[in-house]
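Notes for the structure review
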Amino acid sequence: MLNPIKLASKNFLSSLDTSCEEFLHILEIAKNFKNKDLNIKFKDKVLGLIFDKSSTRTRVSFQVAMSRLGGTTVDLNPTTSQIGRGEPIRDTARVLSRYCDVLAIRTFRQSDLEEYAKWSSKPVINALTDLEHPCQALSDYMTIKEEFTDFENVVLTFIGDGNNVANSLILCGALLGVEVRIACPKGYEPNNLVINKAKKIYKNKNLLKITNDPITAVRGANVLYTDVWSSMGEENQKEEKDKDFNGYTINTNLVSNADKEAIILHCLPAYRGKEITDEVIESEKSRIFEQAENRMHAQQALLSCILK
Ligand code: CP
Ligand code: NVA
């Protein structure tokens, strides 16, 4: 029976906290959980959830994943706990890690997540920050692997804002050697540190392409991916960003420029009619709901490696 390996890094704060081998191992474990070929229990283990931003998929998929592993979750609502009152992270982290066996945290600044990890005696998982969404990328690449069997010759095109979701797609793409193309309006390019880290991993392969032209970016691509134009915390920029992203909608016309067998992904939640049309979400090319389901299997696999 396949056995989860203990990851070398205590925490999962970034997509680069796993090696390529560990990443593929997590996907293999996830596939086995999905096929019901694996039954691993961590009785009495507790996952603490700290969500400073809203969530449907990440929260519920972690809750169900933990329950399937025989453990439980504690969902800390910042407004009814002392977190919202501004209790220092270093105090919260030291206290919660005495109760819980692992923490999953969704917050704004990556540096706050790192502060939690610094003071927590237990592993910390990134459940989304402004910089990265590594749990999402696990399920994204799991969904791509289900479709194409391996990552060889896969071209992934992300059309939209170069922030958290795009950054994690880039970093994992670099780990796995996948060609990643980003099409975004000027000024919305991915973080430079992320680009430089990815380029170092890709070495001189030139597999990361950033452009302002969506049509060029989708030409021949196997996977088209998008995310909301205004992320959580950017609600007051909505009007301006809607204007800036005009022309970056994944619609049937744009899809017709991709490979004939291309699939469509979206991390959800979506604004139908903005970054993607209704028609494309509901088309036979869409793997968006498989992708959402895979969040649960991938996180169950991640937890089984972290709690090992
Ligand atoms: N994709 C994703 O992280 O969704 P939620 O915000 O609902 O967790
Ligand atoms: N970029 C989006 C992702 C939501 C899952 C956000 O940060 O709101």
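Residues numbered from 1 in each chain as written. Chains lettered and ligands numbered in written order. Predicted model: local features only at pLDDT ≥ 70, side-chain atom pairs only at ≥ 80, totals over all residues. Heavy atoms only, no water.

1. Brief notes about unusual backbone geometry
As a reminder of what qualifies: Per the convention used, a helix needs a DSSP run of H or I reaching at least four residues, while a strand needs a run of E reaching at least two, with both numbered from the N terminus.
A cis geometry characterises the amide bond from leucine 268 onward to proline 269, with omega recorded as 0°. Tracing the sequence through the fold places proline 269 in the loop between strand 9 (263-266) and helix 11 (278-281). Residues other than glycine seldom take positive phi values, yet threonine 149 does so here, at roughly 70°. Among the structural elements, threonine 149 can be located in the loop between helix 5 (134-148) and strand 5 (155-159). The backbone phi angle of asparagine 153 is positive, close to 65°, even though this residue is not glycine. By the element assignment, asparagine 153 lies in the loop between helix 5 and strand 5.

2. Quick word on the packing of helix 2 (residues 57-68) against helix 12 (residues 288-306)
So the rule is basically this: For every element, the axis is a line fit to its C-alpha atoms; helices are fit only across the contacting stretch, and the angle between N-to-C directions ranges from 0 to 180 degrees. Roughly parallel covers angles under 35 degrees, roughly antiparallel covers those over 145, roughly perpendicular covers 65 to 115, and oblique covers all other angles. Less than a right angle of anticlockwise turn of the near helix away from the far helix marks a crossing as left-handed, whereas a clockwise turn marks it as right-handed. Contacts between residues were defined by any pair of non-hydrogen atoms, one from each residue, lying within 4.5 Å. Under the grouping applied here, Gly and all other residues not named as nonpolar or charged are polar, the nonpolar ones being Ala, Val, Leu, Ile, Met, Phe, Trp, Tyr, Cys and Pro and the charged ones Asp, Glu, Lys and Arg.
Running from amino to carboxyl end, helix 2 crosses helix 12 at an angle of 50°, the nearest separation of the two axes being 8 Å. Taken together, the axes of helix 2 and helix 12 are oblique relative to one another. The two elements helix 2 and helix 12 meet at a crossing, and its hand is right-handed. Between helix 2 and helix 12, the contacting residues are Arg57, Thr58, Ser61, Phe62, Val64, Ala65, Met66 and Arg68 on the first element and Ala292, Arg295, Met296, His297, Gln299, Gln300 and Leu303 on the second. Classifying every residue of the contact of helix 2 with helix 12 by side-chain character gives seven nonpolar, five polar and three charged.

3. Section: the pairing of strand 8 (residues 223-226)
Formally: Buried means the residue's accessible area, taken with a 1.4 Å probe over protein chains only, is under 20% of the maximum for its type, while exposed means over 50%, and partly exposed covers the values in between. One requirement defines pairing of two strands: DSSP has to find at least two bridges between them.
Taking every second residue as pointing to the same face, both faces of strand 8 are buried, with Val223 and Tyr225 on one and Leu224 and Thr226 on the other. Bridge count for strand 5 against strand 8 is four bridges, and the pairing is parallel. Counterpart to phenylalanine 158 in the pairing with strand 8 is tyrosine 225. With four bridges connecting them, strand 8 and strand 9 associate as parallel partners.

Any functional reading would require information beyond the geometric quantities listed.
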